[in-house]
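Structural characterization, general
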Amino acid sequence: MNILVLLKQVPDTTEMKIDKEKGTLIREGVPTITNPDDLAGMEVALQLKDKYGANVTAITMGPPQAENMLRELYAMGADEAVLISDRKFSGADTWATSNTLAAYIKTVDYDLIIAGRQAIDGDTAQVGPQTAEKLGLPQISYVDEVMEFSKDKIVVKKALENNYEVLECSLPCVITTLSTIAKPRYMHVRGISHAFEKDIPVKGFDDLEIDPAIIGLKGSPTKVKKTFTKEVHSNSDILNLDGKASARKVAEILIDMNFIGK
Amino acid sequence: MNIAEYKDIYVFCEERENKIHDSSLELLGEAVRLVNDRPSLNYKVVGVVIGNHSDELAEIAGHYGADKVIFLHNEKLKHYSTEIYTELFMDIIKNDKPDIILIPATVLGRDLAPRIAARCDTGLTADATKLDFDPENEESPLLYVTRPAFGGNLFGTIINETKRPQMTTIRPGVMEPVHKDATRKFEMDKREVDIDNIEDKVKLIEVLKKDIMAVDITKADIILSGGRGVGDNFHVLEECAKMIGAEVGASRGAVDKGFIDKDHQVGQTGKTVRPKVYIACGISGAVQHLAGMEKSDFIIAINKDPGAAIFSVANIGLVGDALEILPLLTEEIRLYRERPY
Ligand SMILES: Cc1cc2nc3c(=O)[nH]c(=O)nc-3n(C[C@H](O)[C@H](O)[C@H](O)COP(=O)(O)OP(=O)(O)OC[C@H]3O[C@@H](n4cnc5c(N)ncnc54)[C@H](O)[C@@H]3O)c2cc1C
Ligand SMILES: Nc1ncnc2c1ncn2[C@@H]1O[C@H](COP(=O)(O)O)[C@@H](O)[C@H]1O
């Protein structure tokens, strides 16, 4: 059984600083993390491995420093890790990213592909389904639990707004996982030392059979026209009243607006 | 690809509980606004309804602004299927050549839209919060799609100049529907579709209810919302909310601390709300929170810190202790109700 996990190294958006003048992100000094939904997906893959036996491969497309993330994944228990990296791939939108990931995945064996539901840098939730489409595989997104797994099918619980659906799919297929699906395990000590001895194969443009017109910034149909930060304008009456007067103020507003019936 | 062949704005109408879901009605409203803003294009608003639904359901799209409703009907199409819906949509794209497709960024929409976009090799912008036609060229059908990124820290405007259709998913709760008008004239184009040749490898086994009846704060007129500043005292909010007829909302700060359930979360990763009155208590006003509530009609903020960012979006800001003010408010309203006049 071969399980591929797609992961992305992302800036920790809680630590993000903005250059308000230029309307851009200040990337320097912002720590990077493994995208939470993906890390939970990795944990699911490892649990399936523990239970049924499987070979788990972590795959990322990103800059050379994404290697750090892959080493951590080795330390968690991944059997293999692959970095897809080339300047030609950079600046890709979700369509171009999926083309690239799919081009690599086509060269390997797999039974199940796990992607995170969405990456916190863009929050698009598109790369999982788009990669599935490019590979001609069925997909189940927003998976919150793997209920059954065997060599030819998977049964999962998908979280919707107001309910869950239990869905079954034949393998191979793609699922996208929510961060609540599993709590990622820690790296283990033996794993950590082991992780630094591991080779991380890097696949560049020349290693993949792919049309240069469908990758990277140039191949991306969507383009960022401009970026900006929100201008915050103050339009409020800020009042310094005592507790009682504050309460009365709110009460008056609600009563004036006819919310408080008698 | 001859881009000039593509025209009109298509809106995917998601059905839920035998109705067209609000998120789609909002998109119909937004499509009407876009079309009216650029009359030179002479674009129509086309609603797309898929499934074994009744004609009455499909007609609702017309009542909410569609000039034409394409209703892909098949008795066997009882529930959503990624593959079948994608294939059916592809037929529309090939035959009808839509210039713009708007899909709500619901769980279903976010499953379907990327699949369609990848199959027809076009661009897809996710979770947009604002749509405009190219402001620099009055004749242009190029869509400027604005969306938050990096957890709401940054906004980007995205365009797709080279491929058609121009596709985007849109956050529920952001756009406004037009008023329902059951007398509106529209064209109904019902097509019986064949799905026997579409292989769907995903099988629905059962639907499970979520344990807790999810509260729907998006429907409330008044939301009394608490943040980390309220601490483990949400019962104070709940009592007050009951008295004033409000639902309780929360910041992610409060949800992450476990003070209240995630269903109550407002903001970027929570719900987008636009109640008549939003009362923010002990919420600092991080951009991600503001993203979900700043369109409320009237905002009251209570915060100890006069410099809190929440005051920048509030109509009335009260510098003070929410835990002191709220019980007093509950009392005020109780007294008001008990007064004989
Ligand atoms: C990707 C991403 C997505 C996010 N999505 C969301 C989202 O959807 N929704 C959301 O809310 N946040 C979201 N956040 C988190 C957001 O950045 C803030 O961390 C969060 O909103 C802060 O919550 P808070 O205002 O309750 O807490 P704090 O920032 O700690 O603010 C507490 C406030 O309470 C005040 N206070 C303290 N005691 C009292 C008192 N007794 N009376 C009155 N005031 C008092 C303080 O002055 C302070 O202003 C997201 C973050 C990221 C990175
Ligand atoms: N560059 C990438 N390399 C590997 N996986 C990715 C990459 N970008 C996105 N993914 C996967 O696709 C999911 C959805 O990403 P997104 O569409 O960007 O929200 C992520 O959670 C990852 O699992």
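Residues numbered from 1 in each chain as written. Chains lettered and ligands numbered in written order. Predicted model: local features only at pLDDT ≥ 70, side-chain atom pairs only at ≥ 80, totals over all residues. Heavy atoms only, no water.

Focus on the confidence of the model for chain B
Basically, it comes down to this: What pLDDT expresses is the predictor's confidence in each residue, scored from 0 to 100.
For chain B, per-residue confidence averages 94 on the pLDDT scale, and residues scoring 70 or more make up 98% of the total. Interface predicted TM-score (ipTM) for the complex: 0.83; the corresponding pTM is 0.82.

What about empty space enclosed by the protein?
The test is simple: Think of a 1 Å grid over just the protein atoms. A cavity is a set of points where a 1.4 Å probe fits yet cannot get out, a pocket is an open set with protein on both sides within 12 Å along at least five of seven lines, and lining residues have an atom within 4 Å of a point. Grid points are joined across faces, edges and corners, and a volume is the space filled by probe spheres set on the points. The secondary structure listing takes helices from DSSP runs of H or I that are at least 4 residues long and strands from runs of E that are at least 2 residues long, numbered from the N terminus. Throughout, the ten residues Ala, Val, Leu, Ile, Met, Phe, Trp, Tyr, Cys and Pro are labelled nonpolar, Asp, Glu, Lys and Arg are labelled charged, and all others, Gly among them, are labelled polar.
This structure, assessed with the given rule, holds two cavities of 30 Å³ or more. Within this model, the largest cavity holds a volume of roughly 80 Å³. Contributing to the lining of the largest cavity are Thr222 of chain A together with Gly123, Leu124, Thr125, Leu143, Val145, Ile158, Ile159, Asn160, Gln166, Met167 and Thr168 of chain B. Elements that contribute at least two residues to the lining of the largest cavity include exactly strand E7 (124-128), strand E9 (143-149), strand E10 (154-159) and strand E11 (166-170) of chain B. Among the residues making up the lining of the largest cavity, the classes are represented as six nonpolar, six polar and no charged. Every residue along the wall of the second largest cavity is listed here: Lys244 and Ala247 of chain A together with Leu328, Glu331 and Glu332 of chain B. Secondary structure elements with two or more residues in the lining of the second largest cavity: helix H7 (243-256) of chain A together with helix H8 (322-338) of chain B. In terms of residue count, the dominant contributor to the lining of the second largest cavity is H8 of chain B (three residues).

So, the site of ligand 2
All names here are of chain A. The condition is simple: When at least one non-hydrogen atom of a residue lies within 4 Å of a molecule or strand, that residue is treated as near it. Polar contact criterion, stated in full: a pair of N or O atoms within 3.5 Å, where within protein one must be able to donate a hydrogen and the other to accept it, and residues adjacent in sequence count only if both atoms are side-chain atoms. Working definition of accessibility: Shrake-Rupley area with a 1.4 Å probe, residue cover restricted to the visible protein chains.
Near ligand 2 lie 20 residues; those nearest to it are Leu6, Asp38, Met61, Ala119 and Thr124. Separating an oxygen atom of ligand 2 from a side-chain N or O atom of Asn35 is a distance of 3.3 Å. A distance of 2.8 Å is found between an oxygen atom of ligand 2 and a backbone nitrogen or oxygen belonging to Gly116. Against a free-state accessible area of 480 Å², the protein chains account for coverage of 97% of ligand 2. Breaking the shell around ligand 2 down by element, the ones donating at least two residues are strand E6 (55-61), helix H3 (94-105), strand E8 (112-116) and helix H4 (127-135). Among the elements that line the shell around ligand 2, the one with the most residues is E6, at three residues. Its residues assigned to classes, the shell around ligand 2 comprises nine nonpolar, eight polar and three charged.

What to know about the interface of chain A and chain B
In many reports, interface size means the accessible area that the parts give up when they come together. Selection criterion: Contacts: residue pairs with any heavy atoms within 4.5 Å of one another. Note on definitions: buried area is the accessible-area loss of two parts on being combined, 1.4 Å probe, summed for both. Here, a salt bridge means any Lys or Arg side-chain nitrogen found within 4 Å of an Asp or Glu carboxyl oxygen. Any two strands are treated as partners once DSSP identifies two or more bridges connecting them.
Taken together, the 79 residues of chain A in the interface contact 75 residues of chain B. Taken over both partners, the interface formed by chain A and chain B buries close to 7,100 Å², and the fraction arising from carbon and sulfur atoms is 60%. On the surface where chain A and chain B come into contact, there are six salt bridges. For Asp111 of chain B, the salt bridge is made with Lys158 of chain A, and the minimal N-O distance between the two is 3.7 Å. Applying the counting rule to chain A against chain B returns 29 residue pairs in polar contact (both at pLDDT 80 or more). Looking at the side of chain A that touches chain B, the elements with two or more residues in it are strand E4 (24-26), H4, strand E9 (139-149), strand E10 (153-159), strand E11 (163-170), strand E14 (223-228), strand E15 (237-239) and H7 of chain A. Counting residues per element, the side of chain A that touches chain B draws most heavily on H7 of chain A, which supplies eleven residues. In the side of chain A that touches chain B, the residues fall into 36 nonpolar, 24 polar and 19 charged. Pairing of E11 of chain A with strand E13 (residues 202-209) of chain B, which is carried by seven bridges, proceeds in the antiparallel orientation. Bridge pairing links Leu167 of chain A to Leu204 of chain B in E13 of chain B.

Concerning the environment of Ile33 of chain A
Residue and element names in this part refer to chain A. Condition: Partly exposed residues are those whose accessible area sits between 20% and 50% of the maximum for their type, while under 20% is buried and over 50% is exposed, using a 1.4 Å probe and protein chains only.
Residue position: Ile33 is located in strand E5 (residues 32-34). Classification of Ile33 as partly exposed rests on a relative accessible area of 29%. Spatially, the C-alpha atom of Ile33 lies 15 Å from that of Ile59, the residues being 26 residues apart in sequence.

So, the packing of H7 of chain A against H8 of chain B
What counts here: All axes here are fitted lines through C-alpha atoms, helices being fitted over the stretch that makes contact, and every angle between N-to-C directions spans 0 to 180 degrees. Note on angle classes: values under 35 degrees are labelled roughly parallel, values over 145 roughly antiparallel, values of 65 to 115 roughly perpendicular, and the remainder oblique. Each helix crossing is assigned a hand: it is left-handed if the near helix lies turned anticlockwise from the far helix by less than a right angle, otherwise right-handed if that turn is clockwise.
Relative to each other, H7 of chain A and H8 of chain B sit at 50 degrees, their axes nearing to 8 Å. What the angle tells us is that H7 of chain A and H8 of chain B run oblique. At the point where H7 of chain A passes H8 of chain B, the crossing takes the right-handed sense. Mapping the contact onto sequence places Gly243, Lys244, Ser246, Ala247, Arg248, Val250, Ala251 and Ile255 of chain A in H7 of chain A and Glu324, Ile325, Leu328, Leu329, Glu332, Ile333 and Tyr336 of chain B in H8 of chain B. For the contact of H7 of chain A with H8 of chain B, the per-class residue count stands at nine nonpolar, two polar and four charged.

Digging into the packing of aromatic side chains
Stated precisely, the cut-off is as follows: Centre distance within 6.5 Å is the pairing criterion for rings of Phe, Tyr and Trp, where only the six-membered ring of Trp is used; planes under 30 degrees apart are then read as stacked, over 60 as edge-to-face, and the remainder as tilted. Both a distance and an angle decide whether a charge sits over a ring: NZ of Lys or CZ of Arg must be within 6 Å of the ring centre and within 35 degrees of the ring normal.
For the structure shown, the criterion picks out five aromatic pairs over all chains. The interplanar angle of 55 degrees and the centroid separation of 6.1 Å between the aromatic rings of Phe12 of chain B and Phe89 of chain B together place this pair among those described as tilted. Placement of the pair is Phe12 of chain B in strand E1 (residues 7-13) and Phe89 of chain B in helix H3 (residues 82-96), with a sequence separation of 77 residues. Residues Phe12 of chain B and Phe89 of chain B agree in their burial class; the two are buried. Geometry around Tyr6 of chain B places Lys97 of chain B over its ring, the cationic atom sitting 5.9 Å from the centre. Over the aromatic face of Trp95 of chain A sits the side chain of Lys163 of chain B, whose NZ or CZ is 4.2 Å from the ring centroid.

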